Number of protein chains: 2
Amino acid sequence: MPQSTETTSYKDIKKTVLARIRSGEWQPDSLLPNEQDLAAEFSCTRTTVNRALRELADEGYLERRRKAGTRVLSAPQRQARFSIPMVRDEVEATGGTYRYALVSAETTVAPDWLTARLALRPDQSTVHVRCMHFSGNTPFQYEDRWIVVDSVPQVAQADFSAIGPNEWLIQTVPFTNVELSFLASRADATVARFLDLPEGEPVFTGERITWLEGQPVTYAKMYFGAGYRMTTQF
Amino acid sequence: MPQSTETTSYKDIKKTVLARIRSGEWQPDSLLPNEQDLAAEFSCTRTTVNRALRELADEGYLERRRKAGTRVLSAPQRQARFSIPMVRDEVEATGGTYRYALVSAETTVAPDWLTARLALRPDQSTVHVRCMHFSGNTPFQYEDRWIVVDSVPQVAQADFSAIGPNEWLIQTVPFTNVELSFLASRADATVARFLDLPEGEPVFTGERITWLEGQPVTYAKMYFGAGYRMTTQF
DNA sequence: AAAACACTAAAGTCTACACAAAATGGAATC
DNA sequence: GATTCCATTTTGTGTAGACTTTAGTGTTTT
């Protein structure tokens, strides 16, 4: 049957279901009709209903279990998606001119805390890179990163004077797992100097650990310049 | 054909595609074979390939355009999903005992900055609620919230002495749009007092604006206690 | 009672096919 | 040379039907 003449699409179903939840017609914790019945109601196939409900479950509105059916989540476990762009893109998106500057790059044995954090073997070798990202002449981000040499042997030959370690890594090694945190920290002397802030100032900070199939690849701490906010809409 | 005997599922296809991207077989920016050809290769239907590629595009690995085809995103525009639980759930998830305390609740005309922020009409009435969320006896979050009376008339009768404004709102009014930001701010005298921190200390801060069909519903500022970090894995 | 078992309802996934919609690239026209 | 228009390709979405997997529920056995 062609869908040009008045059919119900999975998007329509999503909207209707959401509306019913919002209107209170379908109370939290209550069970929805099964797919078959909904298909009949919307005069479409179960496939279409399935897609609608599956996506709503994905978005955190519904909970689905085989045999048990589909129920409305009581506390809509909403989730926010933040896009994590590369610094260059983030700067350019705001109209700024991106500039990168290497501060230091050296091969060292991993410090204790890093060995613990990444579950490294004692005395594994790392490349420690510190660098700055600017938007025009304004400091945008100070990055402090360690790369595990055993996981990324090529890093020994890498030259970080022109390209940032993040961009280099993305081009060079894949990763499978990431742990990402955000917090507020106080600017120590170093961070304050590079971000051009008074010492002790609050700094929005990101911490990122990346693995490839269980192997720790890199640990990065990213200190954002004054006034930075991470925003999303949904 | 039954799928018990060796068929390719959309999950298999996702894995294979990801593996090819990671291995470099399919370079960033390059075009993938079209769905028909992939279906032939995996000996399944186009529907199955479609689902696999659609989900990968959703997850930020691929870009798909009709007629243009499917290509590997050069900078895998990865996105992090943070779940935004209600404070009670967040506290209880860490094993703490949740406790709520109202600080103040009063009806006032919206201040200038809020009128501007939410695009209110001049002198619209709001309910201003300030409250604390504890984990055991440790301050977990100080919340400072305005609720627009015109959008939520019931708020005039609400009693926030036992239930937090957020939980109340979720039960009472639906919302359609949210803008959520995170930043690092310095604790002013009030925030410092409630969170039991020295004044000027960095505070991880969330700001949330909620609309219902274009109508501003509420503005909330959430100050998190010492050591808070927002974490996700992917 | 408690444990093991079978039945069955519901979601999960796949096949096979069809038509819809977008957008690219080239052809026709100005 | 630029613009408009159109055919074609590729993804998007729907139908119809089948088999699979999970997990409640009720029954039987211990």
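The shown structure was predicted, so the numbers you read here are calculated from the model rather than taken from an experiment. (Residues numbered from 1 in each chain as written. Chains lettered and ligands numbered in written order. Predicted model: local features only at pLDDT ≥ 70, side-chain atom pairs only at ≥ 80, totals over all residues. Heavy atoms only, no water.)

Caption draft 1: Main features of the nonpolar core. In this structure, Phe204(A) and Phe204(B) are the most contacted members of the largest nonpolar core, which totals 62 residues. In contact with Phe204(A), other than residues within four places in its own chain, are Phe182(A), Leu183(A), Met222(A), Tyr223(A), Phe224(A), Tyr228(A), Met230(A), Phe182(B), Leu183(B), Ala184(B) and Phe204(B). (Core = buried A, V, L, I, M, F, W, Y, C linked by side-chain atoms within 4.5 Å. Buried < 20%, exposed > 50% of the residue type's maximum accessible area, 1.4 Å probe, protein only. Contact = heavy atoms within 4.5 Å.)

Caption draft 2: Local environment of the sheet that holds strand 6 (residues 138-148) of chain B. One open sheet accounts for seven strands, arranged 10(A)-7(B)-8(B)-9(B)-6(B)-5(B)-4(B); its pairing is antiparallel. At either end of the open sheet lies a strand with only one pairing partner, and these are strand 10 (229-233) of chain A together with strand 4 (98-109) of chain B. With direction set aside, neighbouring strand axes in the sheet form an average angle of 15 degrees. When strand 10 of chain A meets strand 7 (residues 177-186) of chain B, the two strands line up antiparallel, connected through five bridges. Considered in strand 7 of chain B, the bridge of Thr232(A) is made with Leu180(B). (Pairing = 2+ DSSP bridges. Helix = DSSP H or I, 4+ residues; strand = E, 2+ residues; numbered from the N terminus. Axes fitted to C-alpha atoms, helices over the stretch in contact; angles between N-to-C directions.)

Caption draft 3: Examining the relation of the copies chain B and chain A more closely. Superposition record for chain B on chain A: RMSD 0.2 Å, screw rotation 180 degrees, translation along axis 0.0 Å. Overall, the copies show the geometry of a two-fold rotation axis. Of the residues that chain B buries at the interface, 100% are likewise interface residues in chain A, meaning the two copies contact each other through the same surface. (Least-squares fit on C-alpha atoms with pLDDT ≥ 70 in both.)

Caption draft 4: Spatial organisation of the protein's contact with DNA strand C. Contacts to DNA strand C come from 25 residues, most closely from Arg46(A), Arg64(A), Ser9(B), Thr48(B) and Arg65(B). One of the side-chain N or O atoms of Asn34(A) is found 3.2 Å from a phosphate oxygen in DNA strand C. Contacts to DNA strand C include Tyr10(B), whose backbone N or O atom sits 3.0 Å from a phosphate oxygen. Of all elements in the fold, only helix 3 (46-58), strand 1 (62-65) and strand 2 (69-72) of chain A together with helix 1 (10-23) and helix 3 (46-58) of chain B reach the threshold of two or more residues within the surface near DNA strand C. (Near = heavy atom within 4 Å. Polar contact = N/O pair within 3.5 Å; in protein donor to acceptor, adjacent residues only side chain to side chain.)

Caption draft 5: Local environment of the protein's contact with DNA strand D. Close to DNA strand D lie 26 residues, the nearest being Ser9(A), Thr48(A), Arg46(B), Arg64(B) and Arg66(B). Between Arg66(A) and DNA strand D, the recorded distance is 3.2 Å, taken from a side-chain N or O atom to a base oxygen. Looking at the surface near DNA strand D, the elements with two or more residues in it are helix 1 (10-23) and helix 3 of chain A together with helix 3, strand 1 (62-65) and strand 2 (69-72) of chain B. Of all the elements, helix 3 of chain A adds the most residues to the surface near DNA strand D, at four residues. The class makeup of the residues in the surface near DNA strand D is four nonpolar, 10 polar and 12 charged. (Nonpolar A, V, L, I, M, F, W, Y, C, P; charged D, E, K, R; others polar.)

Caption draft 6: Local environment of the pairing of strand 6 (residues 138-148) of chain A. All names here are of chain A. Counting buried residues along strand 6, 10 of its 11 residues qualify, which places the element largely inside the surrounding structure. Across 10 bridges, the pairing between strand 5 (residues 125-135) and strand 6 is antiparallel. Bridge pairing links Phe134 to Pro139 in strand 6. Direction of pairing for strand 6 relative to strand 9 (residues 215-224): antiparallel, over a ladder of seven bridges. Bridge pairing in strand 9 links Asp144 to Lys221.

Caption draft 7: Highlighting the domain arrangement of chain A. Examined at the domain level, chain A breaks down into domain 1 (10-72) and domain 2 (87-224). Centre-to-centre, using C-alpha coordinates, domain 1 of chain A lies 44 Å away from domain 2 of chain A. (Domains from an automatic or database assignment.)

Caption draft 8: Representation of the pairing of strand 8 (residues 202-212) of chain B. All names here are of chain B. Of all 11 residues making up strand 8, 10 are buried, and the element is well covered by its neighbours. Pairing geometry for strand 7 and strand 8, over 10 bridges, is antiparallel. When the sheet's bridge partners are listed, Ser181 is paired in strand 8 with Glu207. Judged from the eight bridges that link them, strand 8 and strand 9 (residues 215-224) form a sheet pairing that is antiparallel. Considered in strand 9, the bridge of Gly206 is made with Met222. Linking two consecutive strands that pair antiparallel, namely strand 8 and strand 9, is a turn of two residues; a positive phi of about 50 degrees is found at Glu213 within it.

Caption draft 9: Structural context of the side chain of Gln141(B). Residue and element names in this part refer to chain B. Tracing the chain through its elements places Gln141 in strand 6. Residue Gln141 is classed as buried on the basis of its relative accessible area, which comes to 2%. When near neighbours in sequence (up to four residues on either side) are disregarded, Gln141 contacts Val87, Cys131, Met132, His133, Leu195, Met222, Tyr223 and Phe224.

Caption draft 10: Geometry of the interface of chain B and chain A. Each partner contributes to the interface: chain B provides 44 residues, whereas chain A provides 44 residues. Summed over both partners, the interface of chain B with chain A buries about 4100 Å², with 51% contributed by carbon and sulfur atoms. Across the contact surface, chain B and chain A share four salt bridges. Here Arg229(B) makes a salt bridge to Glu207(A), at a shortest N to O gap of 3.0 Å. Applying the counting criterion to the chain B and chain A interface returns 14 residue pairs in polar contact (both at pLDDT 80 or more). Across the side of chain B that touches chain A, the residue classes break down as 20 nonpolar, 10 polar and 14 charged. (Buried area = accessible area lost by both parts, 1.4 Å probe. Salt bridge = Lys/Arg side-chain N within 4 Å of Asp/Glu carboxyl O.)

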